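Architecture and fold: a report
Now for the letters of each chain:
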Amino acid sequence: MEKELVYLYDGSFEGLLTCVYEIYYRKDDPKKIIPKECNRFSLIEEYIQIDTDTEKFKKVYESIERKISREFLRTVFYIYLSEEEDSGIIILDYIRTGYKFGRDVLNYQTNPHVRAANEVYRRVSYERHRYLGLLRFKMLEGGVLYATIEPDHNIISMLGGHFSQRMSSEYWIIHDVKRNIAVFYNKEQWIIRSLNESIDLRFDENEQSYQELWKTYYKHISIPNRKNLRQKRAYMPTRYWKHLVEEGVQNNGFNKTNLD
Amino acid sequence: MDALSKLQILADAAKYDVSCSSSGSNRSNKKDGLGNANTAGICHSWSDDGRCISLLKILMSNYCIYDCAYCVNRISNDLPRATFTPKEIVDITINFYKRNYIEGLFLSSAVVKSPNHTMEMFLNVVKTLREEENFNGYIHIKAIPGADKTLIDSVGKYVDRMSINIELPTDEGLKMLAPDKNHKDILNPMREIKNEIVKYKEEKKAFRSTPKYVPAGQTTQLIIGATKDSDYRIINLAENLYKGYELKRVYYSAFIPVSQNPLLPTYEKPPLLRENRLYQADWLLRFYGFKADELLDNSNQNFDLLLDPKCDWALRNIHHFPVEINKVDYNMLLRVPGIGVKSALRIASSRRFGKVTFDDLKKMGVVLKRAKYFITCDGKYFGIKSMDSSLIKKNIIGMDESLYSKQLSLFDLNGGILGGERISLSV
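Along each chain, numbering runs from 1 in the same order as the chain's sequence is written. Note on labels: chains are lettered from A, ligands numbered from 1, in written order. Local features are withheld for residues below a pLDDT of 70 in this predicted model, meaning they are given only at 70 or higher, and side-chain atom pairs are given and counted only at 80 or more; totals for whole chains, interfaces and linings count all residues.

1. Some remarks on the domain arrangement of chain B
Condition: As used throughout, domain bounds are those supplied by an automatic or database domain assignment.
Taken as a whole, chain B is organised into domain 1 (3-267) and domain 2 (309-414). Domain 1 of chain B and domain 2 of chain B are separated by 38 Å when their C-alpha centres are compared.

2. Points about the domain arrangement of chain A
Residue and element names in this part refer to chain A. Quick reminder of the rule: Residues are scored as being in contact if the C-beta atoms we place from backbone atoms lie within 7 Å. Where helices and strands are cited, they refer to DSSP runs of H or I of at least four residues and of E of at least two residues respectively, numbered from the N terminus.
By domain assignment, chain A separates into domain 1 (4-127) and domain 2 (135-251). Listed by partner, the interface residues are 6 residues for domain 1 and 5 residues for domain 2. Secondary-structure elements contributing two or more residues to the side of domain 1 that touches domain 2 are α3 (70-82) and α5 (112-134). A total of 3 residues in the side of domain 1 that touches domain 2 trace back to one element, the largest contributor, which is α5.

3. A closer look at the confidence of the model for chain A
Here is the rule we go by: By definition, pLDDT measures how confident the predictor is in each residue, and it falls between 0 and 100.
Mean pLDDT for chain A: 92, with 95% of residues reaching 70 or above. This stretch, residues 250-260 of chain A, has a pLDDT under 50; its non-local contacts, to residues over four places away or in other chains, come to 19 contacts.

4. Some details on the environment of A116 of chain A
Residues and elements named next belong to chain A. As a reminder, the rule being used: Buried residues are those with 20 or more other C-beta atoms within 10 Å of their own C-beta, exposed residues have 12 or fewer, and partly exposed residues lie in between; C-beta atoms are placed from the backbone.
Tracing the sequence through the fold places A116 in helix α5. C-beta crowding within 10 Å serves as the criterion here: with 19 such atoms nearby, A116 is assigned to the partly exposed category. In the structure, A116 is positioned 22 residues away from K138 in sequence and 38 Å away in space, judged by C-alpha atoms.

5. Remarks on the sheet that holds strand β6 (residues 161-163) of chain B
As a general point, the strands of a sheet are linked pairwise by backbone hydrogen bonds and lie either parallel or antiparallel. Residue and element names in this part refer to chain B. So the rule is basically this: The pairing criterion is simple: DSSP has to find at least two bridges between the two strands. Angles here are taken between N-to-C directions and fall from 0 to 180 degrees, while the axes themselves are lines fitted to C-alpha atoms, restricted in helices to the stretch in contact.
Read from one edge to the other, the open sheet built from 6 strands follows the order β3-β4-β5-β6-β7-β8, with strand pairing classed as parallel. Unpaired on one side and paired on the other, β3 (55-59) and β8 (249-254) mark the two borders of the sheet. Adjacent strand axes in the sheet meet at a mean angle of 20°, parallel and antiparallel pairs treated alike. Where strand β5 (residues 138-142) lies against β6, 3 bridges are found, and the strand directions are parallel. Directly across from H140, in β6, lies its bridge partner R161. Each of β4 (104-108) and β5 touches helix α3 (residues 115-132); the most contacted strand, β5, lies at about 170° to it.

6. Digging into the sheet that holds strand β3 (residues 45-49) of chain A
Residue and element names in this part refer to chain A. The parallel open sheet is built from 3 strands, whose spatial order is β2-β1-β3. Looking along the sheet, the strands with just one partner apiece sit at the ends: β2 (32-35) and β3. Shown here is a sheet whose adjacent strand axes are inclined to one another by a mean of 30°, direction ignored. Its contacts with the sheet put helix α1 (residues 13-26) on β1 (4-9) and β2, and the angle it makes with β1 is roughly 140°.

7. Some words on the interface of chain A and chain B
Keep this limit in mind: Following the grouping adopted for this structure description, the nonpolar residues are Ala, Val, Leu, Ile, Met, Phe, Trp, Tyr, Cys and Pro, the charged ones are Asp, Glu, Lys and Arg, and the polar ones are all others, Gly among them.
Residue-level contacts link 41 residues of chain A with 49 residues of chain B. Of all elements in the fold, only α5, α6 (156-166), α7 (207-220) and α8 (229-235) of chain A reach the threshold of two or more residues within the side of chain A that touches chain B. For the side of chain A that touches chain B, the element with the highest residue contribution is α7 of chain A, accounting for 8 residues. When grouped by side-chain class, the residues that make up the side of chain A that touches chain B number 17 nonpolar, 13 polar and 11 charged.

8. Some thoughts on unusual backbone geometry
Trans is the common state for peptide bonds, and a negative phi is the common state for residues other than glycine. Residue and element names in this part refer to chain B. That bond from F321 to P322 is cis: its omega, 0°, falls within 30 degrees of zero. Residue placement: P322 occurs in the loop between α10 (309-316) and β9 (323-324). The phi torsion at N100 lies on the positive side, around 65°, for a residue other than glycine. For N100, a count of 23 C-beta atoms within 10 Å corresponds to the buried category. Although it is not a glycine, D378 adopts a positive phi angle of roughly 55°.

Printed below as a string of structure tokens:
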């Protein structure tokens, strides 16, 4: 029996596009392209491990930009950030289709590979947009603003860009507690670092009273005659509630000394 | 009174205003400033009624000199009253904004002392926010009818959006329920703001540095069901407001009885389904190329509650159908029931690569259980054998009658589909 081919890479975007380079070069047709840390070995699979190569990455990156479009490249990057299991192979099929149809491929909605790619892209960009609103900062002693998030997709870098413009004269930290990474902003630039120790948080003396004001507002702005919890949950799925001040009662920061 | 108690009273008093949108402005942050506006708008939370919370929506004060029967804040109503100081509003806005609770401020007010006095209080707040706090987030302010033009203009230079609520669709309604108001006083400032916006846009072409003036435009709100005005009059008014006054949005608010006034109708529940039909019709006017006169007329003055307005139109104009998905022009695609703007765009762009099949339509988000009666796909028809509109209507409504009536009752009980920012309507 012929084994199914699996490409393994280091989990970086550079590594993923290096795989694409190698697959084209070797004329392979893998069944999966996944980060090696996510791999579970199986007897019916054959593995090829690809080391990230910046030169090969650049070749693929620039050729997509030139022969297809920047917008296409952005879609590819979003799909990579989705961290969904089959995102590697969706990207490969999408890039193959892109080379075939060129710049116009974004409009080819009836093509199954384009459709699959667009669906993942939509999920990631939708979650990014959601978090622009649902993220909650809490003010720490000394005036640093601190937020915790647990997104489905790895969107923290996209939040960094948004808040560095909006909150350009504040110090802030956005902490993805699921992936143990954080964006730090020092009024000039933002960087992403890993952050896995639980931090001892001391809040600004006024933090609790603003949280109370917000919860009060939240309660009173609703019209009782129009109560519609189903619709509320459709727009704001409960998995996002944990880190919300107005809904995440257990986790408002004052019942606990540190974060999980 | 402390800020918390005031917030309870003045959020309660503001909640019947439907608008909460933070879209349409692209104000950017400045050096050492706080905030910017997002053109698409951002929802920050959703309250228990399923409406989006984007802005801090409060009244400055609910001490009103008027006695409008439909309004909870009328002078004759016995309820707790409060007034925020400008400092309190600025402080709450800034601190909510920094914590990312909100996109900005939506400030309205009862008419305190006089329209001019109220407008001056607004001016004080927005000036402090923009000039002292260097706040560049979204600000929506109500313009008070009867206030001096110069005051309204000064406020307009600081804000992203202004609105004046018409509330009652006709002058007769106003005479009966709001004796202190008339349409002329409401429409005049609306026209003046529109003229200023037009002037700003002209100047902007010549001088890039022209200071902004109400960049996100004007909106208004109409109360549905407090008077006997028909849907036909309401959508005609809306059409005029979009055309003549270049409004960005007309909001419709199902009347919620807030008093026992004998002049007012009594409802067990607010007319939410009717409100929904009006929103669907409003969408058809703004994005689907329909005219009010196509949707309703003198012999047919109200929307069919069982059928969305586009379906209703298509059945009355069945001679235009079926249309061939692979050939028909984009404007007609938009008129097919079950096809929205997004799916119409998808169909139009995909046709260039090859034939669009019935199966493709499903994956593009077309609602086939409505669309199938009105289209052919590569010559094939998937509806019923005849193009008899009454039979098709029966099929669309009766298709799953039990489900449909269940949906209706759920709708009545649980409220409409209205959100401030993201309203998804499939028409």
